[in-house]
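Residue-level structure breakdown
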Amino acid sequence: MTSGTFGGDLMAGPPPTHLPADPADAELAGGDAPAAVVRRHPASPAAWAAMAQQAQDAGADDVTVYAYARVGYHRSLDQLRRNGWKGHGPVPWDHEPNRGFLRSLALLALAARAIGETEEWERCSTFLRDSSAAAADALL
C-alpha cells in the first residue's frame, strides 16, 4: 500500500445545496400576484409556495393548499437535482433562493397534517428539519 494524503473528511456529509436565483422572487417581492408569477415561471418553487401561502391565508380548503404546495415541492426536487443534490443533505435557509423549496415543503407538511395525512406530515416535516433546522423552526 502506498501512503498519501486524502485531504477530505470521510465523516462529513454532502455539501450544502445552493439553488440559483429564482426570477419569481423579485416579481413576488414587487407585489405581482402569485398566479401571474406562476404563469410566467411555472417551474418556480417560490411562485408555487406563494400560491399555497396565498390560498392558506385566504382560508382556502386545505386540499387546495396541499395541491399548490405539492407542485412547488416537485418543482423543487427537479431544481435540487439539477444543482447537484443527491437526495439528502443541507439546503440552507439563509440562502434566499432555497426558500421556495423550503416554504413549499413546510406548506406541504402543514397541509398534509390538516387533511389527516399523518405519514406525509411526518415525512415532510422530518425532511424539512433534515434539510434546514432553521427553516423548520421558522416555518413549522
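Presented here is a report on the structure given in the accompanying data block. As the structure is a computational prediction, the values presented were derived from the model and not from experiment.

About the criteria used
- Residues numbered from 1 in each chain as written.
- Predicted model: local features only at pLDDT ≥ 70, side-chain atom pairs only at ≥ 80, totals over all residues.
- Heavy atoms only, no water.
- Salt bridge = Lys/Arg side-chain N within 4 Å of Asp/Glu carboxyl O.
- Buried < 20%, exposed > 50% of the residue type's maximum accessible area, 1.4 Å probe, protein only.
- Axes fitted to C-alpha atoms, helices over the stretch in contact; angles between N-to-C directions.
- Helix = DSSP H or I, 4+ residues; strand = E, 2+ residues; numbered from the N terminus.
- Parallel < 35°, antiparallel > 145°, perpendicular 65-115°, else oblique.
- Left-handed = near helix turned anticlockwise from the far one by under 90°.
- Contact = heavy atoms within 4.5 Å.
- Nonpolar A, V, L, I, M, F, W, Y, C, P; charged D, E, K, R; others polar.
- Phe/Tyr/Trp six-rings, centres within 6.5 Å; stacked < 30°, edge-to-face > 60°.
- Lys NZ or Arg CZ within 6 Å of the ring centre and 35° of its normal.

Attention now goes to the pattern of salt bridges. Within this structure, the stated rule accounts for six salt bridges. Here glutamate 96 makes a salt bridge to arginine 99, at a shortest N to O gap of 3.4 Å. Owing to a relative accessible area of 23%, arginine 99 belongs among the partly exposed residues under this scheme. Several salt bridges converge on common partners, so that one network encompasses Glu27, Asp32 and Arg40.

What follows covers the packing of helix H5 (residues 99–114) against helix H6 (residues 118–131). At a minimum axis separation of 8 Å, H5 and H6 run at an interaxial angle of 155°. With respect to their mutual orientation, H5 and H6 come out roughly antiparallel. In terms of crossing hand, the pair formed by H5 and H6 is left-handed. Residues Phe101, Leu102, Leu105, Ala106, Leu108, Ala109, Leu110, Ala112 and Arg113 of H5 form the contact with H6, whose own contacting residues are Glu120, Trp121, Cys124, Ser125, Phe127, Leu128 and Ser131. Here the contact of H5 with H6 is built from residues that sort into 12 nonpolar, two polar and two charged.

Now for the packing of aromatic side chains. Tallied over the full model, the rule gives four aromatic pairs. Ring pairs connect the aromatic residues Tyr73, Trp85, Phe101 and Phe127, which therefore count as one cluster. The ring of tryptophan 93 is capped by arginine 99, whose NZ or CZ atom sits 4.0 Å from the centre of that ring. Across from the ring centre of tryptophan 121, 4.3 Å away, lies the NZ or CZ of arginine 113, which sits over that ring.

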